[in-house]
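This is what each chain is made of:
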Amino acid sequence: MLQNQNRRWIGSCAVALATLAGCGGGNPMITSPTTLRAAAQRHGLVVGTAADSGHFSEAQFTSVLSTEYSDLTPENQMKFGPIHPRPDTDPNPYDFAGPDALVAFGVAHKMKVRGHTLVWHSQLSTWVTGGGFDATQLSTILRSHIATVVGRYAGKIFAWDVVNEAFNDDGSIRSTIWYDSPGIGFSGMGTRTIEQSLNWAHLADPKAKLFYNDYGAETQNSKSDAIYAMASDFKGRGVPLGGVGFQFHVDLGFNNTGTLDSVKANFARFAALGLDIHVTELDIRLSDFSAGSLAAQADLYSKLIALCRTQPAVKLVQTWGFTDKYSWIPYFFSGMGWALPFDADYGKKPAYTAMFNALTAP
Ligand code: XIL
């Protein structure tokens, strides 16, 4: 509550600053924010994006990334397959060059870095999926993977998506190589695999905030009910869960009062457990880039940012990329695209202005 009041105070102070050039005898050097990063900071919010260090040779890419955002996360480069492409028996099992460059960029530009992701059924190495390992061997592989990757970036990555997408939409646990096919030893034992993964990550970096991250759990539904039950159980038993990540890969159908009210109520129950909330992969896909569609997209971006500002547990909002040039949407949602705040030429879209205005609004 105190934090909420602080945030409000900072917000109204920011508005006063724009007109009076001072607040409480303040600093005349302080001016109105001109970037998402500066605007978000005034509410204690971090605004970030997924990125790939493969694009760092592009001046416009790095310039927008470092000026507009205060956080970044690797879109793919820390997933198991890309970061751990060869077995542990190989003299060189890991590929750290790409993720190291991403972390170095974050540190150099005073950005926070989120880690994504350690335990997921997708984008795995074929040496793991095709290795014929039993549960004991898989447990050794995963424990060592988590210790190595989290340990390497300890003190530089402030939050990790430890486990990604472990639940089905109906709230049951997804059948994966880590859970039950054959799993790491807790097949059929509910959330024990997730708990073990969190404990391993916590050992490797006791200071990092550890997250469970998923899609389709933004509103109150069977999946978010199951995540909530898990989170409540973990908090009760001292399992090191620090927050929940909500992905927010949405379309314009998300823009209705019932849905947004449900997100609000959902956020409130996770906040009441004392967990941080991160919006981890926000994008709003469109089926065309008409002025009407871009305006509707902007309206939804604005409403989501405003909603986040009403819930003090929301500490961070990340979009899944920032320029339509590199968005994953056209490759995964046929006929759709134009999902991000910057267009393919790095021009600011109405969505950008909407985000900025929602962050600067009193
Ligand atoms: C996506 C990337 O954006 C793509 O480049 C890749 O080909 C597939 O994965 N949920 C997640 C992200 O947690 O890691 C996914 O990222 C998008 C859905």
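Residues numbered from 1 in each chain as written. Predicted model: local features only at pLDDT ≥ 70, side-chain atom pairs only at ≥ 80, totals over all residues. Heavy atoms only, no water.

1. Structural notes on the overall build of the protein
Logical step 1: Scanning the protein from terminus to terminus reveals 13 helices and nine strands.
Logical step 2: The globule rule puts the C-alpha radius of gyration for 362 residues at 21 Å, and the 20 Å found for the protein is close to it.
Logical step 3: Scored against the burial criterion, the 362 residues of the protein give a buried share of 54%.
Logical step 4: Counting only carbon and sulfur atoms, one obtains 56% of the accessible surface of the protein, whose full area is about 14700 Å².
Logical step 5: Of the charged side chains in the protein, 28 are positive and 31 negative, and the gap between their average positions amounts to 9 Å. (Helix = DSSP H or I, 4+ residues; strand = E, 2+ residues; numbered from the N terminus. Rg over C-alpha atoms; globule rule 2.2 N^0.38 Å. Buried < 20%, exposed > 50% of the residue type's maximum accessible area, 1.4 Å probe, protein only. Areas by Shrake-Rupley, 256 points an atom, 1.4 Å probe, with all protein chains shown as cover. Lys, Arg positive; Asp, Glu negative; His and termini not counted. Charge placed at Lys NZ, Arg CZ, Asp CG, Glu CD.)

2. Describing empty space enclosed by the protein
Logical step 1: Counted under the stated rule, the structure contains three cavities of 30 Å³ or more.
Logical step 2: In this structure, the largest cavity spans a volume of roughly 130 Å³.
Logical step 3: For the largest cavity, the lining is made up of 17 residues, of which Val119, Val163, Ala166, Thr176 and Trp178 are closest to its centre.
Logical step 4: Its residues assigned to classes, the lining of the largest cavity comprises eight nonpolar, seven polar and two charged.
Logical step 5: Approximately 40 Å³ is the volume found for the second largest cavity.
Logical step 6: Phe248, Val263, Phe267, Val279, Leu282, Leu304, Ile305, Leu307, Cys308 and Val317 are the residues that line the second largest cavity.
Logical step 7: Mapped onto the lining of the second largest cavity, the elements with two or more residues apiece are α10 (257-272), β8 (276-285) and α11 (291-310).
Logical step 8: Top contributing element to the lining of the second largest cavity by residue count: α11, with four residues.
Logical step 9: Residues that form the lining of the second largest cavity fall into these classes: 10 nonpolar, no polar and no charged. (1 Å grid on protein atoms, 1.4 Å probe; cavity = no way out; pocket = protein on both sides within 12 Å on 5 of 7 lines; lining within 4 Å. Points joined across faces, edges and corners; volume = space filled by probe spheres on them. Nonpolar A, V, L, I, M, F, W, Y, C, P; charged D, E, K, R; others polar.)

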